Structure formats: structure tokens, C-alpha cells
Amino acid sequence: RMAAAPPSYCFVAFPPCSKDGLVVFGKNSARPRDEVQEVVYFAAADHDPGSKVECTYIEIEQVPKTHAVVLSRPSWLWGAEMGANEHGVCVANEAVVTREPASESEALLGMDLVRLGLERGATAKEALDVIVALLEEHGQGGNYYEDGSSCHTFQSAFLIVDRNEAWILETSGKYWAAEKITEGVKCICNRLSLTTKIDAEHPELRNYVRSQGWWNGDSDFNFSEVFSLDDDHVACCSGKESLEKQGGDVSAQAMIDVLRDKDSGVCVDSESFLTTASIVSVLPQDPSFPCVHYFTGTPDPSRSIFKPFIFVDDVKLVPKVQSPSFGNDDPAKKIPRFQEKPDRRHELYKAHEWARSLIENDQDKGQKLMRIMLELEKQGLEAMEDILTRTEVLDPAEVVDLFYDCVDTELKFFK
């Protein structure tokens, strides 16, 4: 039996469901409980002709220019679970199981494709084209977890969003299909969701599934039915209703509330899996306004706070949410891989561990701390709301150390 995929959830809300011309994107990253996620920024860069880029397991051709990106990623790998680029493109990845076993051979991980799409695509559609071209060329495969004792492999689904549209991309091996979304609320999780509305697909997709005997060509082509194991393609999205109930008012706060909801299952906290990090992005449809990306950088959004990041030149780096680097000595880079697990906790993660034990051992103190934290978060949300509603253009100097300051303030509360 193939191991179940971790139950992560991704959402996007477009007008008329979201507030005043805003596109709102969110994701909870469910991963093995003890895995550390870091938040990292990479500036835009030019690359020499012929240069290569070292992804998690394989090296591929680099492109002449990569966009600036901010990523939330398991700190042992190259790619990302979710992130955004300077052009207002957001990408999140879901591990999915299809009727085709995922390859154990080291290739690109779904998480590498998230980062590659962000670094190379200036719109959602461009990011999609990048991802499917790389899938065709290099394939997907390799261990999804930092685990030396067994190889966990999955196929990938992606939610790719910009200020104007979103694409749901679902893959099995190098084959894929995608649906374009421009209104309403959409949710994807760790099951296939595309049915008969397919707006782009691998040119050989239908011939391939026919040759496998999975589709006879007479009935409507339904991607989930063809590729899912048994009846695994049921609608799985419990947070979608809560967003739809907002009735045209989905905001950053509404998305955060959905991501914090343990009862609905959106905020995963189970024996094997935990929501190890979360993101919410607000993308104004009017390009004269900046996009705002909120990251937790710590596990369990119900006891973490969302801190804002805005792309500007020379944005201040935040080492306190970055894991230590082990260079070429990293067990993830040596073959055989993962023979040991180094301590990857960053400063904010360690502070949260302390806070968690406080919350568990002293309810009064714990609740008081959480109230202070949420107040801090609220100030950040209100300041961003102000930036997104004012008429004058944002002065970059105002936000160059925005994320840095928020992390710093959060750490001071823990001290």
C-alpha cells in the first residue's frame, strides 16, 4: 500500500467572493511532525550562459534571469512547499497519489517545481508552462521526506495564482491537466480534483490513458476518475464552505481563520503529520498596489502568527527564520542520503517550542501570551490594510525591514 499523502490544503478566493478587488491565496503545509520549515528570500539574479542550478537531487540548466522569490520550505531541500515572486505569482504544491506509482528515482521534486515556477514565471500561466516543460524534460521523483530508512514518493498537484487568474495543475509522471479559475473560491488538497473542465493538458494525455486501458474514449474524459485510485477523487475540501460563507468578504483575516481551524481538518495535527508552516497572500487586482505575503515560519497556525512581507529592492534578510546551513556536509546532500538528521531548528522555531511548553503547562500564562501574539498580528494586518487602501504610492523604505521587524518583535515577546 502506498503511504497516504499528507493532508495539506490550499485555497484561492477571487471576487466576487473576496474583498474589494483582491485575490486571496492561502496554504497550510502538512508535513512530518518534526520537520522544520524556514522562510527564505532570494533576490532576482542574472546567470551566465550554460550555468546549472543544483536542485534537491539533480542539477538542471539555469535560465538567464531568475525573479526574486520568498519561500516557505522544509529546510533540508532546495525547493519550497509554497511561496511567491516579485511579480505577484504564488505557487503551492500538494503531494498526491495516483494509480501510477510515483518514481523513486531521483529527479525533480514537486517542491523543486514550486520554486522553479516562481523563479522563472512572471505570470501564473508562465509558471505553469515552466513547470510542465521541466516535468517533460526531467520527470518527478525521489524521496519527499528526510528519511534514510524508506523512500516516500508522490505525484504533484499545484495551485498557481496571480493577480488575474489561477491554475490548478495536476500531474501523474510527466502527464498533466490544468484548469483555469478566474472567480469564486477554489480549494485543492492531497487528492485529484480536476474532472471534465480541462483548459490545458499534455498533448499525449488522452492517447496515453487509452493505451493503458484506463479510458475507452467514448465517455467524457474525467481526469480524476481516470487517474485516481478507486474512489479517491471525492471532493475533499472542508475549508471551502467556510470561505464561501464569508459572502464576498474573504480577506487575509478570513483566510487565516480557515487555516487555523482544527475541527474542519484544515489545520492538521495528527499522529504523523502537523501543519509545519502556513502562508496567506493578498494580491490586489490593481497592479499599482503591492502584493502582501504573510508567513508563520513556525508550526501550527492556531498558535503561530502571520507576519507580512512585501517585495522591495534590498529587502532585509531575516536569519532568525532561517535554518542553519550545513553546506556539502549536509546528510541530505551525501549519498546514501539522510544517514543522520542534523538539528535544523532556527531561532524562531526554538522560541516557539518554548512557548508551546508554556501554553501546555501553564494555561493562564499561555493564554495571555497568545493574546499578546494575536494583538501583534492584528497590528500587522491593519497596517497592511492601510497600505492597500491608501491612494499614494508605497515608499519602499517603509517596508524594507517589515518582515524582519515582525519576527524580531515576536521573538522579544518570547524573551
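Owing to the predicted nature of the structure, the values given are computational and were not obtained by experimental measurement. (Residues numbered from 1 in each chain as written. Predicted model: local features only at pLDDT ≥ 70, side-chain atom pairs only at ≥ 80, totals over all residues. Heavy atoms only, no water.)

*Asks:* I keep staring at the overall build of the protein chain and nothing clicks. Help me out?
*Replies:* Summing up its helical and strand segments, the protein chain has nine helices and 18 strands in all. Against the 2.2 N^0.38 benchmark of 22 Å for 415 residues, the protein chain shows a C-alpha radius of gyration of 20 Å, consistent with a compact globule. Counting only C-alpha atoms, the protein chain reaches 60 × 50 × 50 Å along its principal axes. Counting over 415 residues, the protein chain shows a buried share of 58%. Taking the contacts inside the protein chain whose residues are at least 6 apart along the sequence as the reference set, 69% of them involve residues at least 24 apart. In the form shown here, the protein chain has an accessible surface area of approximately 17300 Å², with 47% of it arising from carbon and sulfur atoms. (Helix = DSSP H or I, 4+ residues; strand = E, 2+ residues; numbered from the N terminus. Rg over C-alpha atoms; globule rule 2.2 N^0.38 Å. Buried < 20%, exposed > 50% of the residue type's maximum accessible area, 1.4 Å probe, protein only. Contact = heavy atoms within 4.5 Å. Areas by Shrake-Rupley, 256 points an atom, 1.4 Å probe, with all protein chains shown as cover.)

*Asks:* I'm lost on the environment of Asp 395 in this one. Help?
*Replies:* With respect to the element layout, Asp 395 can be found in the loop between helix H8 (363-389) and helix H9 (402-414). Looking at Asp 395, the relative accessible area reads 43%, which means it is partly exposed. For the pair Asp 395 and Val 312, spaced 83 residues apart in sequence, the C-alpha separation works out to 9.4 Å.

*Asks:* Just to check I follow, could you spell out the sheet that holds strand E17 (residues 292-295) for this structure?
*Replies:* Sheet strands pair by backbone hydrogen bonding; their relative direction is either parallel or antiparallel. The antiparallel open sheet is built from six strands, whose spatial order is E14-E1-E2-E16-E17-E18. Taken across any chain shown, the strands that pair with only one partner, and hence form the sheet edges, are strand E14 (185-188) and strand E18 (307-309). The average angle at which neighbouring strand axes cross in this sheet is 15°, direction not considered. With eleven bridges connecting them, strand E2 (residues 22-32) and strand E16 (residues 273-284) associate as antiparallel partners. Each residue of the ladder has a partner; that of Ser 29, found in E16, is Ala 277. (Pairing = 2+ DSSP bridges. Axes fitted to C-alpha atoms, helices over the stretch in contact; angles between N-to-C directions.)

*Asks:* Whenever I open this one, the packing of H8 against H9 confuses me. Can you help?
*Replies:* For any two helices packed against each other, the geometry comes down to the angle between their axes and how far apart the axes lie. Interhelical geometry of H8 versus H9 gives an angle of 165° and a closest axis separation of 10 Å. Overall, the two elements H8 and H9 adopt an arrangement that is roughly antiparallel. Relative to H9, H8 is oriented so that their crossing is right-handed. On H9, the residues touching Leu 369, Ile 372, Met 373, Leu 376 and Met 384 of H8 are Leu 402, Thr 409, Glu 410, Phe 413 and Phe 414. Looking at the contact of H8 with H9 residue by residue, the classes come out as eight nonpolar, one polar and one charged. (Parallel < 35°, antiparallel > 145°, perpendicular 65-115°, else oblique. Left-handed = near helix turned anticlockwise from the far one by under 90°. Nonpolar A, V, L, I, M, F, W, Y, C, P; charged D, E, K, R; others polar.)

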